[in-house]
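Examination of the molecular architecture
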Amino acid sequence: MNAAAPVRVISPEPDDRIFVTQPHMAPLDEFIPYLEKIWESKVLTNRGPFHRQLEDALCEYLGVEHLALFANGTLALVTALQALRITGEVITTPYSFVATAHSLLWNGIKPVFVDIDPDTLNLDPHKIEAAITPQTTAIMPVHCYGHPCDVEAIRRIADNYNLKVIYDAAHAFGVQTDSGSVLQHGDLSALSFHATKVFNTFEGGAIICPDAKTKQRIDHLKNFGYVDEVTVVAPGINAKMSEINAAFGLLQLKHVDEAIAKRKRIDAMYRGQLRDVKGIRCLEDAGETVANCAYFPILVESDYPMSRDALFELLRSHDIVARRYFYPLISDFPMYRGLPSASRDNLPVATDAALKVLCLPIYPALSDEQVERIAGIVARGRS
Ligand code: T4K
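Counting starts from 1 at the beginning of each chain's written sequence and moves along it residue by residue. Since the coordinates come from a predicted model, pLDDT governs what is reported: local features require at least 70, and pairs of side-chain atoms require 80 or more to be given and counted, while whole-chain, interface and lining totals use all residues. Based on all heavy atoms of the structure, the side-chain values leave hydrogens and waters out of the count.

**Let's talk about the overall build of the protein**
Selection criterion: Here a helix means four or more residues in a row that DSSP labels H or I, a strand means two or more in a row labelled E, and each is numbered from the N terminus. Taken over C-alpha atoms, the radius of gyration is set against a globule rule of 2.2 Å times the number of residues to the power 0.38. Residue burial is assigned from relative accessible area. The probe radius is 1.4 Å, only protein chains are included, and a residue is buried under 20% of its type maximum, exposed over 50%, and partly exposed in between. Here the accessible surface of atoms and residues is derived via Shrake-Rupley with a 1.4 Å probe, and residues count as covered only by protein chains that are part of the display. In this tally, Asp and Glu contribute negative charge and Lys and Arg positive charge; neither His nor the terminal groups of the chain are included. To locate a charge, the coordinates of NZ of Lys, CZ of Arg, CG of Asp or CD of Glu are taken.
Within the protein, the regular secondary structure consists of 11 helices and 16 strands. Taken over the C-alpha trace, the protein has a radius of gyration of 21 Å; the compact-globule value for 383 residues is 21 Å, and the two agree within 12%. Viewed in the frame of its principal axes, the protein has a C-alpha envelope of about 65 × 60 × 45 Å. Per-residue burial over the protein gives 54% buried out of 383 residues. Looking at the protein as shown, the accessible area adds up to about 18100 Å², and 53% of this sits on carbon and sulfur atoms. Treating the 37 positive side-chain charges of the protein as one cloud and the 47 negative ones as another, the clouds have centres 3 Å apart.

In structure tokens:
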């Protein structure tokens, strides 16, 4: 290959479709000084200065004491389970992105699926106890779409049965309940900073840790298990966030309030326009929740003029790419299907939700006209 040949930059094809989300990105010129610092220092990774600064800045923003950054949310979940030495069986929800249960399989843990609550679409605490066996060591609930789980009920069950609780908080960046950040609950919470999330670092994630000792163990685990140059304490993995992602995160944090405010405006517009539409149900948060409006899921009920899938296709015909998060259920994928808890009889609410939910586009750059157009199509229920 000719080393001097100029690199040909291929521009992406123009695409006018409206997708379920689009990353909110700080202005490029504001990022240049961060890049210059990296080029000067030559520190690219391994807990460099931007990594440390972002951990501190996120603790302050999220109102938590300790946080360990990760390369992505999936590795954060995998490592959270290792940090607490979870084994045996873990109770979890089938109604989530597949990474939730995959993190269990990566640790040789058996997922036990429990049905969800029809109002919140989160793990139903009333159904957890019946699924506990002598092998159960933990519960892994998901704050689905950023709506808080019933954290008090889950804590009571965990205390009674001496179980750990690891929240998959991939959607819950910045969410608050009347007792403060939802991320403070459970033994650990794992966040995702993927491009599709409210706060993104291109790829990224974090674990919220209750104390400095746990954070230290997690820091070792995400760095191959190294404690110092000659000591390895566990078969850790490489799950570190790079300096470029951390620097971008620091900049993104300056703009995240404005991004969430725009999301809230879109959320309110959808709710206003869809309130009286027969057969469309919007999910509601409990009164005291400070939401992040990460997603806008609607449930297409049987008294709507068409099925969820027909509405999905109708929107697509208008170049609006809504998403059926979370269809199929995790429990319907081949690596989970054979588990006794994966049977649809065990999961009637989740099975029903997976057939009814459609996530409408929501992201800061969506204009009022676009929101009105999308809501208008949903409200009409025909082309
Ligand atoms: N736990 C839960 C509950 C999760 O939802 C997730 C991830 C995880 C754990 C794991 O966290 P990470 O390891 O990912 O940090 C997306 C995301 O890839 C995934 O992160 C997310 N959940 C899941 C709910 O959604 P896809 O396959 O739907 O993404 P994709 O590529 O179709 O993107 C959706 C739309 O977003 C595109 O149509 C256009 C837009 N987009 C996407 C990307 C990647 C952009 O505009 N720019 C982009 O760079 O999974």
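After that view, the rundown keeps rolling.
**Observations regarding the layout of surface pockets**
Applied cut-off: Computed over the protein atoms alone on a 1 Å grid, cavities are sets of points where a 1.4 Å probe fits but cannot get out and pockets are open sets with protein on both sides within 12 Å along at least five of seven lines; a residue lines them when it has an atom within 4 Å of a point. Grid points are joined across faces, edges and corners, and a volume is the space filled by probe spheres set on the points. By the convention adopted, Pro, Cys, Tyr, Trp, Phe, Met, Ile, Leu, Val and Ala count as nonpolar, Lys, Arg, Asp and Glu as charged, and the other residues, Gly among them, as polar. An automatic or database domain assignment supplies the start and end points of every domain.
Approximately 520 Å³ is the volume found for the largest pocket. Around the largest pocket sit 30 residues that line it, and Phe97, Ser192, His194, Thr196 and Lys197 are the ones nearest its centre. At the level of elements, α3 (73-83), α4 (99-105), β9 (188-192) and β16 (357-360) are the ones that each hand at least two residues to the lining of the largest pocket. A per-class count over the lining of the largest pocket returns 16 nonpolar, 10 polar and 4 charged. Shared between two domains, the lining of the largest pocket holds at least three residues of each, these being domain 1 (28-251) and domain 2 (256-380). If you add up the space inside the second largest pocket, you get close to 400 Å³. Grouping the constituent residues of the lining of the second largest pocket by class yields 6 nonpolar, 7 polar and 7 charged. When residues of the lining of the second largest pocket are assigned to domains, at least three fall in each of domain 1 (28-251) and domain 2 (256-380).

**Let's talk about α3**
Worth spelling out the cut-off: Residues adjacent in sequence count toward polar contacts only when both atoms are side-chain atoms; beyond that, a polar contact is any pair of N or O atoms within 3.5 Å, and within protein one must be able to donate a hydrogen and the other to accept it.
Counting buried positions along α3 yields 9 of 11 residues, so the element is predominantly enclosed. Those residues of α3 not exposed but buried are Gly73, Leu75, Ala76, Leu77, Val78, Thr79, Ala80, Leu81 and Ala83. One side-chain oxygen at the N-terminal end of α3 lies 3.0 Å from the backbone nitrogen of Thr74; it belongs to Asn72. Two residues or fewer after α3 comes Arg85, characterised by a positive phi angle close to 55°.

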